[in-house]
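Residue-level structure breakdown
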Amino acid sequence: MTELKRYLAPTSLDQAVECLKGGNVTILAGGTDLTPQSQAGRIKFKQTLMNIRHIPQLTGITLEGKEIRIGALATITEIMEHPLVRQHLPVLVEACDHFASDQIRNAGTIGGNICNASPAGDTLIPLLVLDACVELASMPEAKLYRHCMPISTFFTGPGKTRKSLCELVTGVRIPVPGAGHVSRFYKHGTRPALDISTISIGLAADIHDGVMKNVRVAFGAVAPTPLRATATESALEGRHLDAATIEAAAIAARDEVNPIDDVRATAWYRKEMIHNMTKRLLENVSA
Amino acid sequence: MTVAEKKHRVIEPDSLIGKRIPKMDAPDKASGRTRYIHDINLPGQLHGRILRSARIHALIKSIDTSAARALPGVHVVITAADIPDQRPIGVAKDHFPLKVGRVRSERDEIAAVAAESEEIAEAALKLIKVEYEDLPVIGNPEDSIKPGAVLIHPEPHGADGSHLHLKQGTSIAHRGKADNVAMRFDYSHGDVVQAEAESDVVIEDSFKLHYVTHCCMGVSGMIAEFDSAGNVLMYSNTQVPFLHKREFAEYLNIDPARIRIIQPPIGGGFGSKLDIYPFEVICLFLARAAKRPVKMLFTREEEFLASPTRQPVLLTLRSGCKKDGTLTFRQVHTLHDNGAYTSWGATTPFVMMQTFSSLYRVPNCDYHTAAVYTNNPYAGSFRGYGNLQATFAIEQHMDMLAEAIGMDPLEFRMKNAQDAGEVTGQGMSFKSCGFKDCIKSAASRSDFSRKFAENHANQKKPGNIKRGIGMASMLHVGGGAKIYPSDGCGTILKMDDFANVTLITGASEIGQGSETVLSQLVCEELGLPISAVTVVNNDTAITPWDVGVHASRTTFIAGNSAIGAAKKAKSKILAVAAKKFDCTEADLDLRGGFVIRADSGEALVELSKLLRNLHFQDKAELVMTTFYYEPPSVHQDKGFKGDVSAAYAWGNQVVEVEVDTDTGFIKLLKVTGAHDVGRVLNRLGIEGQIEGGVVMGQGYAFTEDLMIEDGKMKNPNFRDYKLVTAPEIPEMDIAFIESMDGEGPQGAKGVGEAPAICMAAAAANAIANATGVRLFELPFTPEKVYRALHGQTPKRYWKPWKAE
């Protein structure tokens, strides 16, 4: 039986982070992970269940200077359909399109996907290659405190992040890519919807005169967290995308991941797919 | 219109046969009005839940239910100790509903609770303390038959070594079993040794078939209630109410007359409801003890854990042929993972041996199966009943033999396919047989030969996308199967004063569309629209006996029974009308709700009026008829020979795939099928049944995989157990071969199981055509395919096992 004693639905960010001070709070947004996981006994409700869906500061998708800010409560569907995202962040749209099913996309939020911190989380791979930052809010004293953390340092393990129990993810900030930016996403699942990635790959770079700069590569479902693939990035940084570079990068990719065997695939197959599909994505970019 | 003109109204001939008729239950199902067992709640009802084993194989040292009993809202807690008159259940009588002294699989039932809510019942289960002593686990059938293997059903002794002194009996549950072999089947015709010597080509391969389960959308459930006189009313999802009535009576130690089974609409059967399972008997025990109605519904996880599965099979097939393409022999050994207990599904070799002995002309055949106990979930019956497994092996060998002698696989099949009039080595007599037409139709519509040659030529060319085409054929019973003393079905038909028909049939509707087809057949005889029929088919206190829904038998058997009752009604009506119009019965017919002149179609009298005249007169009479149909099939002899079905169904399916050699992904492009169904009765219904079967076969071939490791199920959920989803379903082009079976109702034969049978075999042949690599193990998941394509799948050889 649950220890749940209190249900809160704050209508402002201040109220919400104030409630978080004690730390003994389970946060509910879309509920698409929380509900099945609590029913399966993998998540135990804390004393307070806090529904954050009525907090206006957590909503919206806006252009703020050179960044696109996506509020934590933005649903996967909203993101996928938003003109700003479609114009500037096609790789995120691609990942959203492979996210669960329509029903779940209508309810599930990007903040939830980030905080669930699954190594196979579909939006996390594009966020990693887009150099996204996670916005956090808390109330250490009597005043609201907000700061950002690069998403590449945010995840610490399956379901684990650097967010403290007193903090709330309020949104994510993504620099608007410049000219020459290319990006790709690939999800390896066995069916078109409602599938957990066997592996996923994200790729982004600025290409000028055929040379790749600021290369970002990320892999999902091959490590305890979504993974920035630094060795693969190095194999590509400053290079032309010729056949030898592509093969070298694919091999670097295979060598730097260390996946596990589970019900979806063996580690061997995952490494093979990282190699083959990194290669295919790079070939697609060079074509 | 004048009175004179009206007199000469002519009714044109019309027929319902072959039309596209929506299923009678469809509007309610589509609009959410259907009341499934899940929607039924009785006043005073309690909720039952079962405590299942926390171990795979263990002795039960103690069970403490005191805390559960003390929980407010709990009415009854039972363990085996509380039911001293428990009788063993199952086809081999090898387990008790509540386990005694020992658990043998993850699903095993230890205790049960009836409480005022599901939540309280669930909470009570958590309060039950069980102490176990673990035993070694047998996780696969090969280990089960090794000398010295732990016995799954030893003579029952308590944990301290003392004999349990169970109630005397001869069942396995009482006396144990000295080895782990649950069932054996040995069949042969001809002389395979001689035949092999005369063969030009002989091949031998081992095949491995995996666990899948039915995944009925409606989870299992039951409501049981005892009245004050001790009579039992059960709301049950069974497919075989009349046989189960008798069995339940035995388990409750009461007269079968006291048992009444009502079958609410069910959310899927597919064979899964052919056995009585522990939960049903336990629900009865709870209701008996609580003196209240008890409802028990599975959770989805429980549905995975505690429902039957298809038989996992290890199979070694040796086949031979001559250079001219004549098949010479088949020799096959199979090892079936029975799981911890034995269900009806253990008798799948009945069907498998028919396919080995009689799919194509096989002069010599030698077949052996051992179904052995393990600590895995116990396998049951599932649409196709062993035929998917057998066909998977045979149809791959058909391609391989053809390749070995350099013959086109289509030509090779045509050369060995049977014609009407043939009797096989197993004694099956093919009175109607559209086999060759099926093969020809599927091949020509899919352009098989051209594509087969082209794909073969493309195998070695560069590029990671390879196309393949493959075919497989099937043979299945299509006129019932005489397994029980009777394979019959009864019908009661009554007509009311408005010429509406109530068709009371023993045949259960389990979603297959039997209500609609039976109504069509009745209306065809009585010249009525389908809206004139009400079907009553779900209450053993009302409906006449039927052996149950299995063996693709309902349209054939219940259809003939319904026609029989309708014909009797018709002849009574025509006799009355003949008298009234002073002519012979042969001069008259029924059409469009009228009695008509047979030659001109002239309407003589409204049927409803005639019926009222008959009713409201001095010698009042009603039209009520009964009929019992028993098919002219025979029981097999001790050597499994005999014409067990009144008709046989044939089919051929061609599968086209695209293989991505970089990932192992397979895109199923198209399925072209041709099925000899005797005759199409309801075109809409049969198309739906074929399409559904193809998708079920697709799931078996490509996506579904119930992963069991050392007795533990790793994916009891729809996230990781992958049913085919809508976008994955391929284009289908299905044709029907109408061989007009002489015994079938309006010429029809059974087709329920047929469409699922060929898919995996045809897919394997298509993958081989695309890549040159042959896969001997299911399912064809991306990783399995990728491994095989990259030489990472060592070829398995299972050495046929013979008992000492």
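Predicted, not measured: the structure shown is a model, and the values here were computed from it.

Before going further, it helps to spend a moment on the overall build of chain A. For chain A, the count of helices and strands is 11 helices and 14 strands. Its C-alpha atoms give chain A principal-axis dimensions of about 60 × 45 × 35 Å. For chain A, the proportion of contacts with a sequence separation of at least 24, taken over those separated by at least 6, is 61%. When the accessible surface of chain A is summed, it comes to about 12,400 Å², and 53% of that surface belongs to carbon and sulfur atoms. When the 30 basic and 29 acidic side-chain charges of chain A are each reduced to a single mean position, those positions are 5 Å apart.

This part takes up the packing of helix α12 (residues 387–404) of chain B against helix α20 (residues 759–771) of chain B. Residue and element names in this part refer to chain B. One way to put it is that α12 packs onto α20 with a least axis distance of 8 Å and a crossing angle of 35 degrees. Crossing of α12 against α20: the hand is right-handed. On the side of α12, the interface is formed by Thr391, Phe392, Glu395, Gln396 and Asp399, while α20 contributes Ala760, Ala761, Ala764 and Asn765. Across the contact of α12 with α20, the residue classes break down as 4 nonpolar, 3 polar and 2 charged.

Let us now look at the domain arrangement of chain A. All names here are of chain A. You can read the domains of chain A as domain 1 (6–51), domain 2 (56–175) and domain 3 (181–286). Put simply, the middle of domain 2 and the middle of domain 3, counted by C-alpha atoms, are 21 Å apart. Each partner contributes residues to the interface: domain 2 has 24 residues there, and domain 3 has 26 residues. Where domain 2 abuts domain 3, roughly 1,900 Å² becomes buried across the two surfaces, and 68% of that area is made up of carbon and sulfur atoms.

This paragraph deals with the interface of chain A and chain B. Contact residues are listed per partner, giving 21 residues for chain A and 22 residues for chain B. Buried surface at the junction of chain A and chain B, both sides included, amounts to about 1,900 Å², of which 55% is carbon and sulfur. Between the two partners, chain A and chain B, sit 4 salt bridges. Here Lys722(B) makes a salt bridge to Asp195(A), at a shortest N to O gap of 2.6 Å. Counting across the chain A and chain B interface gives 13 residue pairs in polar contact (both at pLDDT 80 or more). Among the elements of the structure, β11 (181–188) and α11 (267–286) of chain A are those that each provide at least two residues to the side of chain A that touches chain B. In terms of residue count, the dominant contributor to the side of chain A that touches chain B is α11(A) (7 residues). Residues that form the side of chain A that touches chain B fall into these classes: 10 nonpolar, 5 polar and 6 charged.

Right, let's talk about the packing of helix α11 (residues 349–358) of chain B against α12(B) for a bit. Residue and element names in this part refer to chain B. Close contact between α11 and α12 brings their axes to 8 Å; oriented N to C, the two are set at 25 degrees. Between α11 and α12, the angle is such that the two are roughly parallel. Handedness of the crossing formed by α11 with α12: right-handed. Residue-level contacts link Val351, Met352, Thr355 and Phe356 of α11 to Asn387, Gln389, Ala390, Thr391 and Ile394 of α12. The residue makeup of the contact of α11 with α12, split by class, is 5 nonpolar, 4 polar and no charged.

A word on unusual backbone geometry. Backbone torsion omega between Leu778(B) and Pro779(B) reads -10 degrees, so that peptide bond is classified as cis. When you line up the elements, Pro779(B) lands in the loop between α20 and α21 (782–789). For Ala117(A), which is not a glycine, the phi torsion comes out positive at approximately 50 degrees. Within the secondary structure, Ala117(A) is located in the loop between α7 (110–116) and α8 (124–129).

Since the α-helix advances by 3.6 residues per turn, residues separated by three or four positions end up pointing in the same direction. Residues and elements named next belong to chain B. With 18 residues, α12 extends 25 Å from end C-alpha to end C-alpha; this agrees with the ideal 26 Å at 1.5 Å per step. The buried count for α12 comes to 16 of 18 residues, which makes it a mostly enclosed element. Positive backbone phi, at 70 degrees, marks Gly406, one or two positions downstream of α12.

About the criteria used
Residues numbered from 1 in each chain as written. Chains lettered and ligands numbered in written order. Predicted model: local features only at pLDDT ≥ 70, side-chain atom pairs only at ≥ 80, totals over all residues. Heavy atoms only, no water. Helix = DSSP H or I, 4+ residues; strand = E, 2+ residues; numbered from the N terminus. Contact = heavy atoms within 4.5 Å. Areas by Shrake-Rupley, 256 points an atom, 1.4 Å probe, with all protein chains shown as cover. Lys, Arg positive; Asp, Glu negative; His and termini not counted. Charge placed at Lys NZ, Arg CZ, Asp CG, Glu CD. Axes fitted to C-alpha atoms, helices over the stretch in contact; angles between N-to-C directions. Left-handed = near helix turned anticlockwise from the far one by under 90°. Nonpolar A, V, L, I, M, F, W, Y, C, P; charged D, E, K, R; others polar. Domains from an automatic or database assignment. Buried area = accessible area lost by both parts, 1.4 Å probe. Salt bridge = Lys/Arg side-chain N within 4 Å of Asp/Glu carboxyl O. Polar contact = N/O pair within 3.5 Å; in protein donor to acceptor, adjacent residues only side chain to side chain. Parallel < 35°, antiparallel > 145°, perpendicular 65-115°, else oblique. Expected span 1.5 Å × (residues − 1). Buried < 20%, exposed > 50% of the residue type's maximum accessible area, 1.4 Å probe, protein only.

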